[in-house]
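Analysis of the macromolecular model
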Amino acid sequence: MLDLLYKRRSIRKYTETKIDPETVKILLQAALLSPSSRGFKPCQFLVVDDPKLLSQLASAKKGAGHLKGAALAVVILADPERSDVWVEDAAIAAAILHLTAESLGLGSCWIQLRKRQHTDTVTAEDYVRGILAIPERLKVPIIMALGYPAESKSPYTEGDINYENVYSNTYGVHL
């Protein structure tokens, strides 16, 4: 697991290679198996591989343009009526998708929609909700862009780990 964490980096450039259905199934299995508070499983997952839709989603907010080149996107949805900690559960699912993608040789990048704007008057969530016909009752906090990497980033090293952020028993007391 630590090897995956060292290697996993946000990838925003992808090759044109499509992701085969069996690999997509593995990604979805991982997302569906992600832990959730009290096992309520408030998350749903919408897979988008249509290039036209990916191009539209790339306009959801500033910084989402790399969706145009992704092989697919997994839109993470959450039902706040199923769990009051749907934000955390969606974040856990996204982290699991990141690590699973890395284990399969895929690149991934988290695109934050929650509390982001498409325009001054339209939220990124509402913009995506409109494009993909997502019911109003569901939240749309995250899109995960996925594809085979067309860029390479150095893995993290032991030197990148900031142990100054770790305390023992009392805040301010370092290990």
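Residues numbered from 1 in each chain as written. Predicted model: local features only at pLDDT ≥ 70, side-chain atom pairs only at ≥ 80, totals over all residues. Heavy atoms only, no water.

1. Digging into the overall build of the chain
- A tally of regular secondary structure across the chain gives 5 helices and 6 strands.
- Compactness check: the chain gives a C-alpha radius of gyration of 17 Å against a globular reference of 16 Å for 175 residues, within 12% of the reference.
- Its C-alpha atoms give the chain principal-axis dimensions of about 50 × 40 × 35 Å.
- Going through the 175 residues of the chain one by one, you find that 39% of them count as buried.
- Sequence-distant contacts in the chain: of pairs separated by 6 or more residues, those separated by 24 or more amount to 75%.
- When the accessible area of the chain is evaluated, it comes to approximately 9900 Å², of which 53% is carbon and sulfur surface.
- Distance from the positive charge centre (21 side chains) to the negative charge centre (20 side chains) of the chain: 3 Å. (Helix = DSSP H or I, 4+ residues; strand = E, 2+ residues; numbered from the N terminus. Rg over C-alpha atoms; globule rule 2.2 N^0.38 Å. Buried < 20%, exposed > 50% of the residue type's maximum accessible area, 1.4 Å probe, protein only. Contact = heavy atoms within 4.5 Å. Areas by Shrake-Rupley, 256 points an atom, 1.4 Å probe, with all protein chains shown as cover. Lys, Arg positive; Asp, Glu negative; His and termini not counted. Charge placed at Lys NZ, Arg CZ, Asp CG, Glu CD.)

2. Quick notes on the pattern of salt bridges
- The final tally for this structure, using the stated rule, is 4 salt bridges.
- With a shortest N-O distance of 3.5 Å, Arg 38 and Asp 84 are connected by a salt bridge. On the criterion of sequence distance, the pair formed by Arg 38 in the loop between α2 (21-32) and β1 (43-48) and Asp 84 in the loop between β2 (72-78) and α4 (86-103) is long-range, its members being 46 residues apart. We note that Arg 38, like Asp 84, is exposed.
- For Arg 129, the salt bridge identified is with Asp 126, shortest N-O distance 2.4 Å. Note that Arg 129 and Asp 126 are positioned in helix α5 (residues 124-132) at a spacing of 3 residues, about one turn of the helix. (Salt bridge = Lys/Arg side-chain N within 4 Å of Asp/Glu carboxyl O.)

3. Observations regarding the sheet that holds β2
- In spatial order, the strands read β1-β2-β4-β3; together these 4 strands make up an open sheet with antiparallel pairing. Edge positions in the sheet fall to β1 and β3 (107-112), since each has one partner strand and no second. Across the sheet, the mean angle from the axis of one strand to that of its neighbour is 20°, orientation sign disregarded.
- Pairing of β2 with strand β4 (residues 139-147), which is carried by 6 bridges, proceeds in the antiparallel orientation. From the neighbouring strand, Val 75 faces β4, where its bridge partner is Ile 143.
- The strands touched by α4 are β1, β2, β3 and β4; relative to β4, the strand with the most contacts, the crossing angle is about 5°. (Pairing = 2+ DSSP bridges. Axes fitted to C-alpha atoms, helices over the stretch in contact; angles between N-to-C directions.)

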